[in-house]
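# Fold and geometry: a report
Okay, here's what each chain looks like letter by letter:
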12 protein chains.
Amino acid sequence: MSEHTYKSIELTGSSKKGIEEAVHNALARASKTVRNMRWIEVASIRGHVEKEKIAHWQVTMKIGFTLED
Amino acid sequence: MSEHTYKSIELTGSSKKGIEEAVHNALARASKTVRNMRWIEVASIRGHVEKEKIAHWQVTMKIGFTLED
Amino acid sequence: MSEHTYKSIELTGSSKKGIEEAVHNALARASKTVRNMRWIEVASIRGHVEKEKIAHWQVTMKIGFTLED
Amino acid sequence: MSEHTYKSIELTGSSKKGIEEAVHNALARASKTVRNMRWIEVASIRGHVEKEKIAHWQVTMKIGFTLED
Amino acid sequence: MSEHTYKSIELTGSSKKGIEEAVHNALARASKTVRNMRWIEVASIRGHVEKEKIAHWQVTMKIGFTLED
Amino acid sequence: MSEHTYKSIELTGSSKKGIEEAVHNALARASKTVRNMRWIEVASIRGHVEKEKIAHWQVTMKIGFTLED
Amino acid sequence: MSEHTYKSIELTGSSKKGIEEAVHNALARASKTVRNMRWIEVASIRGHVEKEKIAHWQVTMKIGFTLED
Amino acid sequence: MSEHTYKSIELTGSSKKGIEEAVHNALARASKTVRNMRWIEVASIRGHVEKEKIAHWQVTMKIGFTLED
Amino acid sequence: MSEHTYKSIELTGSSKKGIEEAVHNALARASKTVRNMRWIEVASIRGHVEKEKIAHWQVTMKIGFTLED
Amino acid sequence: MSEHTYKSIELTGSSKKGIEEAVHNALARASKTVRNMRWIEVASIRGHVEKEKIAHWQVTMKIGFTLED
Amino acid sequence: MSEHTYKSIELTGSSKKGIEEAVHNALARASKTVRNMRWIEVASIRGHVEKEKIAHWQVTMKIGFTLED
Amino acid sequence: MSEHTYKSIELTGSSKKGIEEAVHNALARASKTVRNMRWIEVASIRGHVEKEKIAHWQVTMKIGFTLED
């Protein structure tokens, strides 16, 4: 019951707006193929610069999910 | 005078809204028992996922404060 | 052409508002002397605390830019 | 022949008993979908606490396996 | 509700028998003064050597607990 | 458009000749099942020693690729 | 007997003179509230610069002490 | 007297049974040539997988010992 | 005389051919503006992938040089 | 006002006498070209050995300074 | 049988030509006194610069070998 | 000639007085059995506390030396 097995994968989400939205964009994309997502942990925060501004944020994260038995 | 001693403790604040608010929530709770807080440093940014969205952000931080003489 | 050389420097930007704005403030200041900025990577997120709130966020980042030939 | 390609994935196994069993539980679950597993490396050892005891150990590990040609 | 604040402290537990028992010994001692413990994470595993054997294991861990409102 | 999501996986490539070829061997193997590969980053360089020489190099790398929408 | 539990806390000591004295100043302050201190480990060495000189050294350290039964 | 010099070496011990025994096996082997061993610190925990089980645990550790005057 | 001061900067060199040439390309570019270079240390090795091959290697390095008195 | 931008550079200072003096020598050299230095953080402490003694200490540090508007 | 004990030592090999040859040079030197070498792992890649070129590469590696019973 | 091989070992030196002397004590002890020492690098700085003072400093360092051909 509490002896689940979890898997974690590494994704990078992008957003023009900010860090939180980049995480949500990655979750939205991941949900097409992954079920039972439980947590994320941010691994790095980067930004692509164009015209001296952040054109889009790139947040790399681990996403953990329960493996079904 | 400038030869203060500082202590740092590690807290994790939560927020449904975002990273900055999770830090503020931790500071608000810490202020009940800790005085003279000077700085925070983010140690990790995690999120609890429910229904493929971040249900709440969990930001772990060190909080530094001056020890009174 | 694709064999560019890049240089990266380390800046700390500040903002009363939040993490993203601290990055933008650093980019705005850097653009006075640096051209061809391409990316940033966040190295640390700190905050200066006054009256139990974050008075300003301090985000340290590497900024990468292309060296002209 | 010796020029194999290996892939490694990250799993977290759980056990009420201890660290070694948490690793074995993860291997047992992984063996349902992964073949040719060769090694594991422990990345973190955590425990979920209930009633002031470890209710279950959570061991995160990389599992390496040979990719078939 | 889910917007708890957590604190983590660092303890080192000892045991003549092994790693898991060293963690339990630290939890038993911590429970005298700390309530609402939720998780531990192992930070280092050391052993004191006497007569070419491990006389006692020393496991350093972070212990996380909920701060009551 | 620029708001892609990327995934990264970890592979270890082998080569009798050297580090660069071990990376290329891993890419060649990965291309059988992965599309849209964009970058690699070397995580570790190891070598298997036989008769006091490197019998084959083993380069572990992250490979990043775009997830199609 | 040898199965003590230890706690470690993180302090930053300051000194106009140098690194060793900054450690001693932190120990002197800590001794007002902590008993049975056993070891310190330096975590970082920083200096506050005024007029192109180190106005005071700031040494952050872990201090370990035995918890009484 | 307390101004000893210590040396530390890095060994990897193996065991079919578990982590603690792998450490003891390394100490037993080391005791053939090293005297005055004082402590060990675990650097990594790996396992060799055969038939979807850990065939033997491989624990890499630093072993510290006093150099005689 | 031996009490030199050194500065180190961080550059990323590129090459279609391999890791060593990427370092040399960065040194060649740096030599246009920096004198008295003494050492490099590789910080990361990345590659840009096109058509399932490394289109160019990107080696980030610190370059140290003597500051003239 | 408090929304300054800071830059940090990496220098290595040398001294025959000790660690603190090596930092001061680097600051003295840096002050020829850098204004508004605020803090240093030690990154590594090395020593060059001649005749079984430290001929000179080499302390690598980050130096942070305010960028003028 | 599979319960070997391994020792690892740290060497730095040099080469005018490149990274792989620096590793081989270290292995050749080590083979004068060490038997049963099994693997190497690269710990750092540095280069000594003369006349704006790498005069020799310096690769620091761990070398693992089986201890005979 | 410049293609030397270096070995590095890890020692911990002690001193009642301070960090620099702990390094020198380790070098003095090492010189009984090791020739051609070239550099040290400090890995950790610890102190043993007695009566709320540092009874002796313990500095762990790598010592590098040239292997004779």
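As a reminder, the structure under discussion sits directly above these lines.
Rules and cut-offs
- Sequence positions are assigned chain by chain, starting from 1 and proceeding in written order.
- The order in which chains are written sets their letters, starting at A; the order in which ligands are written sets their numbers, starting at 1.
- For a predicted model such as this one, the threshold for reporting local features is a pLDDT of at least 70, and the threshold for listing and counting side-chain atom pairs is 80 or more; totals across whole chains, interfaces and linings nevertheless cover every residue.
- Side-chain measures were taken over the full set of non-hydrogen atoms in the model, leaving aside hydrogen atoms and water.
- Note on contacts: a residue pair is in contact if any heavy atoms of the two residues lie within 4.5 Å.
- Accessible area that two parts lose when put together, evaluated with a 1.4 Å probe and summed over both, is termed the buried area.
- Here, a salt bridge means any side-chain nitrogen of Lys or Arg that lies within 4 Å of a carboxyl oxygen of Asp or Glu.
- Strands here are runs of E lasting at least two residues and helices are runs of H or I lasting at least four, both read from the DSSP assignment and numbered beginning at the N terminus.
- Gly counts as polar in this scheme, as do all residues outside two lists: the nonpolar Ala, Val, Leu, Ile, Met, Phe, Trp, Tyr, Cys and Pro, and the charged Asp, Glu, Lys and Arg.
- DSSP calls a pair of strands paired once it identifies at least 2 bridges connecting them.
- Under the pairing criterion, centres of Phe, Tyr and Trp rings, with the six-membered ring standing for Trp, must be within 6.5 Å; the plane angle then separates stacked pairs below 30 degrees from edge-to-face pairs above 60, leaving the rest tilted.
- Each residue gets one of three labels from its accessible area relative to the maximum for its type: buried under 20%, exposed over 50%, partly exposed in between, using a 1.4 Å probe on protein chains only.
- Whenever two N or O atoms come within 3.5 Å, that pair is a polar contact, provided that in protein one can donate a hydrogen and the other can accept it, and provided that, for residues adjacent in sequence, both atoms are side-chain atoms.
- The copies were overlaid by least squares, fitting only the C-alpha atoms of residues that reach a pLDDT of 70 or more in each copy.

Another point: the interface of chain A and chain C. Contacts between the two partners involve 14 residues from chain A and, on the opposite side, 13 residues from chain C. Summed over the three residues of chain A that lose the most area to chain C, namely A:R46, A:V49 and A:E52, the buried surface amounts to 43% of that side. Across the contact surface, chain A and chain C share 1 salt bridge. One salt bridge connects C:E41 with A:R46, and the closest N-O pair in it is separated by 2.6 Å. Put simply, the parts of the chain that give the side of chain A that touches chain C at least two residues each are α1 (19–30), β2 (37–50) and β3 (53–67) of chain A. The leading source of residues in the side of chain A that touches chain C is β2(A), at 6 residues. A per-class count over the side of chain A that touches chain C returns 5 nonpolar, 4 polar and 5 charged. Of the strand pairs in this sheet, β2(A) and strand β2 (residues 37–50) of chain C are connected by 3 bridges, and their pairing is antiparallel. Its bridge partner lying in β2(C), A:R46 is registered against C:E41.

Once that is clear, we can look at the packing of aromatic side chains. The relative placement of two aromatic rings is captured by the distance of their centres and the angle of their planes. All names here are of chain A. As enumerated under the stated definition, the model contains 12 aromatic pairs over all chains in all. Between Y6 and W39, the aromatic rings sit 5.9 Å apart at their centres with planes inclined by 65 degrees, giving edge-to-face as the arrangement. With Y6 in strand β1 (residues 5–15) and W39 in strand β2, this pair connects stretches of sequence that are 33 residues apart. Y6 sits in the buried class, given a relative accessible area of 15%. In this structure W39 comes out as partly exposed when scored by relative accessible area, which is 22%.

Residue-level contacts link 13 residues of chain F with 14 residues of chain I. Both sides together, the interface formed by chain F and chain I hides about 1,200 Å², and carbon and sulfur atoms give 60% of it. Among the residues of chain F in contact with chain I, F:E20, F:H24 and F:I40 are the three that bury the most area, contributing 37% of the side total. Inspection of the region where chain F meets chain I yields 6 residue pairs in polar contact (both at pLDDT 80 or more). Secondary-structure elements contributing two or more residues to the side of chain F that touches chain I are α1 (19–30) and β2 (37–50) of chain F. Within the side of chain F that touches chain I, the residues separate by chemical class into 8 nonpolar, 2 polar and 3 charged.

Superposition record for chain A on chain C: RMSD 0.0 Å, screw rotation 120 degrees, translation along axis 0.0 Å. Both chain copies can therefore be described as sitting about a three-fold axis. For chain A, the smallest separation between a C-alpha atom and the rotation axis is recorded for A:I19, amounting to 5.0 Å.

This part covers the pairing of strand β3 (residues 53–67) of chain D. Regular strands show a simple pattern: their side chains alternate between the two faces of the sheet. Residue and element names in this part refer to chain D. Judged by how many residues are buried, β3 sits mostly within the fold: 12 of 15 residues are covered. Inspection of the sheet shows strand β1 (residues 5–15) paired to β3 by 11 bridges, in the antiparallel sense. Bridge pairing in β3 places G13 opposite V59.

What follows covers the pattern of salt bridges. By the definition in use, this model includes 48 salt bridges over all chains. The closest approach of N and O atoms between C:E68 and C:R35, which form a salt bridge, is 3.7 Å. Of the two residues, C:E68 sits in the segment after β3 (53–67) while C:R35 sits in the loop between α1 (19–30) and β2, which places them 33 residues apart along the sequence. The exposure class of C:E68 is partly exposed, given its relative accessible area of 41%. Of the charged contacts in the structure, one is a salt bridge between F:K17 and F:E21, with a shortest N-O distance of 3.9 Å. The class for F:E21 is partly exposed, based on a relative accessible area of 28%.

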